[in-house]
Amino acid sequence: MLISVVSPCYDEEDVVARFHEEVQKVADELLPLGHDMEFVYVDDGSRDRTLAVLKQLADHDPRVRYVSLSRNFGKEAALLAGLRHASGDSVIVMDADLQHPPQLIKRMVELREQGYDQVIAKRTRTGDRLTRTLTARLYYRLVNRLVDIELVDGVGDFRLLSRRVVDAVLGLTEYNRFSKGLFAWVGFPSTTFEYRNAVREAGRSSWNLRGLLNYGLDGLLSFNNRPLRAALWLGVCLLLCAGLYTAWIVGAALVNGVQTPGYVTIITAVTALAGVQMVMLGVIGEYTGRIYYEVKRRPHFLVKASNVERTKDLIP
Ligand code: UDP
Ligand code: MG
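Please read all numbers here as calculations on a predicted model, not as lab measurements.

## With respect to unusual backbone geometry
- Despite not being glycine, D11 shows a phi value in the positive range, around 55 degrees.
- With respect to the helices and strands, D11 occurs in the loop between β1 (2-9) and α1 (16-30).
- Positive phi values are uncommon outside glycine, yet L98 reaches one of about 65 degrees.

This is how it looks when you write it as structure tokens:
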């Protein structure tokens with residue numbers, strides 16, 4: 001069985017060589033068991049020497065494939081590039097920053113041999129800040145109530161995929177990619193095991209609060225149109241309230257005659273309704289924006305340099 005390890009790298013010059021050493025060790029242990037390995041590194045338009053390091057690795061190890069993107073397209077696109085260039089019967093997706101322990105690969109392969117199509121590594125939250133743990137828990141509870149697939153706290157992109165899962169994921173050509181959700185959407189027999197999350201070895205995480213919030217929003221919007229439905233229901237409820245209130249005002253005017261005061265009520269109603277309308281417009285706008293990106297059918301990434309021959313990259 002050929003096992004591909006796909007790792008997106010963005011500004012990882014400090015760790016990627018060390019990462020490669022670690023996976024090589026694993027490869028040496030897996031070889032006697034009849035498993036060959038290849039390593040697919042995607043340089044996601046790094047600003048540092050990542051590409052040079054990758055080329056060096058490829059010179060010394062014929063199992064190294066690298067794909068360098070023309071600019072930074074983001075992790076999701078880099079991951080897709082990696083999957084397209086991987087030729088293994090099983091593909092393991094993992095970060096190059098050693099936060100995903102390479103030693104777990106053996107465990108994944110074992111579970112793959114038991115017949116699972118997806119072997120998912122789930123990180124525990126030990127060592128995380130309490131606020132982060134709590135917000136994550138809250139987020140997943142909320143999101144799972146809304147989306148049609150199940151997203152699990154601590155489950156990320158670190159997983160092994162069988163060939164048929166990879167092909168299925170490659171068949172989903174949407175532009176706004178939320179891999180965690182795509183993997184869950186594909187399904188097939190899956191199993192999960194837990195591991196302790198390691199701290200980053202070197203370099204810097206490219207996530208900030210805004211990025212996380214936007215990622216959260218993507219997760220919410222990528223898999224359903226329930227926010228649109230919610231907006232609709234909110235509108236209907238408001239309409240009902242407004243109707244009742246109007247009836248009450250008109251009734252009062254008929255009984256007591258017209259009284260001029262009412263400024264506060266009017267202002268409140270106008271601003272509240274304007275706010276609600278803005279939110280709904282925003283929700284609709286989010287979906288329209290997504291459609292806009294989809295219809296352009298631009299490629300997800302462009303390749304600048306690679307030692308793998310593939311023409312598929314240019315086809316969206
Ligand atoms: N990454 C990437 N493109 C980006 C940002 C990140 O390919 O624009 C890679 C990065 O090199 C790493 C993985 O995605 O291998 C995870 O990124 P990071 O460590 O910043 O995220 P975190 O582990 O904090 O979730
Ligand atoms: Mg990381």
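So that's the structure; there's more coming.
## As for the layout of surface pockets
- Taken as a whole, the second largest pocket encloses approximately 590 Å³ of empty space.
- Surrounding the second largest pocket, 23 residues form its lining, Y245, I249, G262, T265 and I266 being those nearest its centre.
- The leading source of residues in the lining of the second largest pocket is helix α9 (residues 226-256), at 10 residues.

## Some words on empty space enclosed by the protein
- Within the structure shown, the criterion is met by one cavity of 30 Å³ or more.
- Computed from the structure, the largest cavity encloses a volume of approximately 30 Å³.
- Lining the largest cavity we find E76, L79, L80, L83, V169, R177, S179 and F183.
- Every element with two or more residues in the lining of the largest cavity is listed here: α3 (75-85) and α7 (179-186).

## What to know about the coordination of the magnesium ion (ligand 2)
- Coordination of the magnesium ion (ligand 2) by the protein involves D97 (OD) and Q99 (OE1), with metal-donor separations of 1.8 to 1.9 Å. Both residues of the pair, D97 and Q99, count as buried.

## Section: the UniProt feature "transmembrane region" (unreviewed entry) in the chain
- The positions UniProt marks with the feature "transmembrane region" (unreviewed entry) are residues 230-251 and 263-288.
- What you have in residues 230-251 is 100% helix and 0% strand, and the ends, taken at the C-alpha atoms, are 32 Å apart.
- Taken as a whole, residues 263-288 contains 100% helix and 0% strand, while its terminal C-alpha atoms sit 37 Å from one another.

## What to know about the pattern of salt bridges
- Under the definition given, this model contains 11 salt bridges.
- Between R65 and E38 there is a salt bridge; the shortest N-O distance is 3.0 Å. With R65 in strand β3 (residues 64-69) and E38 in strand β2 (residues 36-43), this pair connects stretches of sequence that are 27 residues apart.
- Assessed through its relative accessible area of 25%, R65 is described here as partly exposed.
- Judged by its relative accessible area of 1%, E38 falls in the buried class.
- A salt bridge links D167 to R163; the nearest nitrogen and oxygen atoms lie 3.1 Å apart. With D167 and R163 both in helix α6 (residues 163-171) and four residues apart, the pair spans about one turn of that helix.
- Judged by relative accessible area, which is 42%, D167 ranks as partly exposed.
- Three or more residues are tied together by salt bridges with common partners; here these are K75, D95 and D157.

## Structural notes on the UniProt feature "domain: Glycosyltransferase 2-like" (unreviewed entry) in the chain
- If you check UniProt for "domain: Glycosyltransferase 2-like" (unreviewed entry), the listed places come out as residues 4-168 in our numbering.
- Overall, residues 4-168 shows 42% helix and 24% strand. The separation of its end C-alpha atoms is 17 Å.

## Structural notes on the pairing of β1
- The buried fraction of β1 amounts to seven of the eight residues, a majority that puts the element mostly inside the structure.
- Pairing of β1 with β2 involves eight bridges; the strand directions are parallel. Bridging across to β2, S7 finds its partner in Y41.
- Tracing the backbone out of β1, into α1 and back to the parallel element β2 gives a crossover that is right-handed.
- Of the pairings in the sheet, the one linking β1 to strand β4 (residues 90-93) comprises four bridges and is parallel in character. Bridge assignment links V6 to a residue of β4, and that residue is V93.

Rules used throughout
Residues numbered from 1 in each chain as written. Chains lettered and ligands numbered in written order. Predicted model: local features only at pLDDT ≥ 70, side-chain atom pairs only at ≥ 80, totals over all residues. Heavy atoms only, no water. Helix = DSSP H or I, 4+ residues; strand = E, 2+ residues; numbered from the N terminus. 1 Å grid on protein atoms, 1.4 Å probe; cavity = no way out; pocket = protein on both sides within 12 Å on 5 of 7 lines; lining within 4 Å. Points joined across faces, edges and corners; volume = space filled by probe spheres on them. Donors = N, O, S within 2.8 Å, 3.2 Å for Na, K, Ca; no water. Buried < 20%, exposed > 50% of the residue type's maximum accessible area, 1.4 Å probe, protein only. UniProt positions renumbered as here; feature names shortened; annotations may be inferred. Salt bridge = Lys/Arg side-chain N within 4 Å of Asp/Glu carboxyl O. Pairing = 2+ DSSP bridges. Right-handed = clockwise from strand over helix to strand, strands pointing away.

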